[in-house]
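# A structural walkthrough
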Amino acid sequence: MSSELLQRARDFERQYMGYADAERPAYHLTAPVGWMNDPNGFCYYKGYYHLFFQYHPYSTQWGPMHWGHARTKDFVTWEYLPAALAPDMPYDANGCFSGSAVEMPDGRHLLLYTGVNQTRRVDGVEEMLQSQCIAIGDGINYEKYEHNPVLDISDLPEGASEIDFRDPKIWREGDTYYAVISNRSSDGSGFILLYESEDAMHWHYDGVIDECKNLYGRMWECPDFFPLDEKQVLLVSPMEMIPTGLEFHAGYGTVALIGTYDRESHKFRREEVHAIDYGLDFYATQTMETPDGRRIMVAWMQNWATTRCETPGAHLYGAMTFPRELAVRDGRLIQNPVRELERYYTNHVQYRNVVIDRECNLNGIRGRVLDLTVSVKPSGNKVYRWFKLTVAQDGEHGAYICYHPDTGIVRIDRSRCGGRFDIVHFREFQVSSRGGEIKLRILLDGKLVELFVNDGEQAASFQLYGPDTAEAISFESRGCVVLNVDKYDLDLPAGGHGQIGSVC
Ligand code: FRU
């Protein structure tokens, strides 16, 4: 049954999503209309990959959170489904915050999300109480459970916060459901709680998976926890990070903690800790497992620090990253765009062993919707000083990626991309040294850039602000480099996304 609030959101998106079509990237998912943040409920269900998201259809700013909904068969072309959840119950009246989804043994689809309910303390200060709630449905319509919330302050261990208790990630192992949930411990910094249940309605607290101890930011949001390549991975999105070398920047970050997990004792032992993405616009990851056993991750390709940087008159704010296949290799999380993208390849332009020592363009290498790989190595014995790849370029604009082999530092810079906001426009990060060799793969989709370095060892995502007509791509170096270049355009159906209402 859909409430008046949910029906209003569904009517609104059906009526207005067409206005946003001209702003939509070609193969990255955006909201039908309005605001999008975290990915939610990413899962495979009855022949489709479903992706829900934090959603405020009515404006390009964050507001009372709904869950928007889309599905796909290949992660590239998406079909919008009607909004799935609206904040229409007393326990979620201030928002249906982030959560996740799982198929129940009887074939129904279960969403576990955070309900937010604002209350006023005796001293007059307002607090957002957070609890975990479920909704069960068929892949299109969802019914909130009559005994919600299923996890509330009575389920918290001593010292845990009653206010910061959110973003449950659920999974099933045999007959048991598990969920990791973010919270704050008594030192004010984040910790991740583990719960288990036989029916997803009655939960039992198992313990703390890992805790921040004020070392990697403070509150840890959007946890995810899964086995991969003989290791166990915990992903979190910390708030209030303090910079650490070039690994972590200040503010909102994303962190991969890789280690081992003892299922019996529920003990996670972390071995490696590093950033998930080194770019400017990346937060709140969520993963799922495909039927063929791949672990796929998406994230919000935006950042809380720049949420007021809207384009005037725009109908959309926020996008998802293109889904990434994950692996663990040598203690690192490896990320590469899902292989389904290759099905859409067209107009392959290839260069082999091109030697350059100044700025140049290569015939046929230009555009704003493409998949570009550039392999760089020194020419002869002498290592070059730097190599720079510029995309989205015209006389005034250009976003560049520059590699200095002597320091091993990659710099991304979007300061000349038409952005009028006084925000961070560049970042630097350290890559592994390979004697001057580096491989850069760029997914470019209108204003969205995702960079993958050395076959997914590192990733950096950022958004551009300039005009989409800046289509040139240039290559430049100080000292001689040898380049191999592969560019593919993408043969996508017009608009990329399906139309809402097709399955109503
Ligand atoms: C992370 C987050 C979550 C919360 C949601 C609210 O970006 O702050 O912790 O559930 O966004 O929209």
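### Brief notes about the side chain of Gln-393
Inspection of the secondary structure assignment puts Gln-393 in strand 24 (residues 386-393). A polar atom in the side chain of Gln-393 sits 3.5 Å from the side chain of Glu-359. Apart from residues lying up to four places away in sequence, Gln-393 is in contact with Glu-359, Gly-398, Ala-470, Glu-471, Ala-472, Ile-473 and Ser-474.

### Examining the nonpolar core
One finds Phe-387, Leu-451, Phe-475 and Leu-483 to be the most contacted residues of the largest nonpolar core, which totals 59 residues. If you look at the next biggest cluster of nonpolar residues, it comprises 33 residues, including Tyr-27, Ala-86, Leu-341 and Ala-459.

### Thoughts on the environment of Leu-362
Its location among the elements puts Leu-362 in the loop between strand 22 (345-356) and strand 23 (369-378). Remark: the alpha-carbon pair of Leu-362 and Tyr-351, spanning 11 residues in sequence, is separated by 8.5 Å. Beyond its immediate sequence surroundings of up to four residues, Leu-362 is in contact with Tyr-351, Val-354, Phe-475 and Val-485.

### Concerning the site of the ligand
Taken together, 13 residues lie around the ligand, and Asp-38, Gln-54, Asp-167, Glu-221 and Trp-304 are the ones closest in. A distance of 2.9 Å separates an oxygen atom of the ligand from a polar atom in the side chain of Arg-166. In the complex, 95% of the free accessible area of the ligand, which totals 320 Å², lies under the protein chains. Of all the elements in the fold, those that place two or more residues in the shell around the ligand are strand 1 (34-45), strand 5 (96-103), strand 9 (165-173) and strand 13 (220-228).

### Some points on helix 1 (residues 4-20)
For the α-helix, the turn length of 3.6 residues means that residues three or four positions removed from each other point alike. For helix 1, built from 17 residues, the straight-helix expectation of 24 Å at 1.5 Å per residue is met to within 8% by its first-to-last C-alpha distance of 24 Å. All of the buried residues in helix 1 are Leu-6, Ala-9, Arg-10, Glu-13, Met-17 and Ala-20. Looking at the buried residues of helix 1, the elements they touch are strand 2 (48-56), strand 3 (66-72), strand 4 (78-85) and strand 19 (316-317).

### Quick notes on empty space enclosed by the protein
Scanning the entire structure with this criterion turns up 3 cavities of 30 Å³ or more. Of the pockets and cavities examined, the largest cavity occupies roughly 70 Å³. Lining the largest cavity are His-249, Tyr-252, Gly-253, Thr-254, Asp-277, Gly-279, Leu-280, Asp-281, Phe-282, Asn-303 and Arg-427. Tallied by class, the residues present in the lining of the largest cavity amount to 3 nonpolar, 5 polar and 3 charged. For the second largest cavity, the calculated volume is near 60 Å³. If you trace the second largest cavity, you find it lined by Asp-38, Pro-39, Asn-40, Ser-98, Gly-99, Asp-167, Pro-168, Cys-222, Pro-223, Ala-284, Thr-285 and Gln-286. Where the lining of the second largest cavity is concerned, the elements lending two or more residues are strand 1, strand 5, strand 9, strand 13 and strand 17 (283-289). Split into classes, the residues belonging to the lining of the second largest cavity amount to 5 nonpolar, 5 polar and 2 charged.

### Structural notes on the packing of aromatic side chains
Within this structure, the stated rule accounts for 27 aromatic pairs. For the pair Phe-12 and Tyr-58, a centre-to-centre distance of 4.8 Å together with 65° between the ring planes defines the contact as edge-to-face. Here Tyr-58 lies in the loop between strand 2 and strand 3 and Phe-12 lies in helix 1, a separation of 46 residues in the sequence. Residue Phe-12 is classed as partly exposed on the basis of its relative accessible area, which comes to 21%. With relative accessibility at 23%, the residue Tyr-58 sits in the partly exposed group.

### Some thoughts on the sheet that holds strand 3
Strand order in the open sheet made by the 5 strands is 4-3-2-1-19, with mixed pairing throughout. Strands with a single pairing partner mark the edges of an open sheet, and in this sheet they are strand 4 and strand 19. Bridging between strand 3 and strand 4 involves 5 bridges; their strand directions are antiparallel. Looking at strand 4, one finds that Arg-71 is bridged to Glu-79. On top of the sheet, helix 1 reaches strand 2, strand 3, strand 4 and strand 19; it is set at about 150° to strand 4, its chief contact.

### Details of the side chain of Arg-427
Summarising the element assignment, Arg-427 is placed in strand 27 (residues 426-430). The buried charged residue Arg-427 lacks any salt bridge partner; its closest oppositely charged side chain belongs to Asp-277, at an N-O distance of 7.5 Å. Once you skip the residues sitting within four places of it in the chain, Arg-427 turns out to touch His-249, Tyr-278, Gly-279, Leu-280, Val-410, Arg-411 and Ile-412.

### Focus: the pattern of salt bridges
As enumerated under the stated definition, the model contains 38 salt bridges in all. Among the salt bridges present, the one from Glu-476 reaches Arg-478, with a minimum N-O distance of 3.6 Å. Assessed through its relative accessible area of 35%, Arg-478 is described here as partly exposed. Look at the salt bridges and you will find they share partners, linking Asp-292, Arg-294, Glu-325, Arg-339 and Glu-340 into a network.

### Looking at unusual backbone geometry
With an omega of -5°, the peptide bond running from Asn-148 to Pro-149 counts as cis. Unlike most non-glycine residues, Ala-284 shows phi in positive territory, near 60°. Locating Ala-284 in the fold gives a position in strand 17. We note that Asp-455 has phi near 55°; this positive angle belongs to a residue other than glycine. Within the secondary structure layout, Asp-455 lies in the loop between strand 29 (448-453) and strand 30 (458-463).

Criteria and thresholds
- Residues numbered from 1 in each chain as written.
- Predicted model: local features only at pLDDT ≥ 70, side-chain atom pairs only at ≥ 80, totals over all residues.
- Heavy atoms only, no water.
- Helix = DSSP H or I, 4+ residues; strand = E, 2+ residues; numbered from the N terminus.
- Polar contact = N/O pair within 3.5 Å; in protein donor to acceptor, adjacent residues only side chain to side chain.
- Contact = heavy atoms within 4.5 Å.
- Core = buried A, V, L, I, M, F, W, Y, C linked by side-chain atoms within 4.5 Å.
- Buried < 20%, exposed > 50% of the residue type's maximum accessible area, 1.4 Å probe, protein only.
- Near = heavy atom within 4 Å.
- Areas by Shrake-Rupley, 256 points an atom, 1.4 Å probe, with all protein chains shown as cover.
- Expected span 1.5 Å × (residues − 1).
- 1 Å grid on protein atoms, 1.4 Å probe; cavity = no way out; pocket = protein on both sides within 12 Å on 5 of 7 lines; lining within 4 Å.
- Points joined across faces, edges and corners; volume = space filled by probe spheres on them.
- Nonpolar A, V, L, I, M, F, W, Y, C, P; charged D, E, K, R; others polar.
- Phe/Tyr/Trp six-rings, centres within 6.5 Å; stacked < 30°, edge-to-face > 60°.
- Pairing = 2+ DSSP bridges.
- Axes fitted to C-alpha atoms, helices over the stretch in contact; angles between N-to-C directions.
- Lys, Arg positive; Asp, Glu negative; His and termini not counted.
- Salt bridge = Lys/Arg side-chain N within 4 Å of Asp/Glu carboxyl O.

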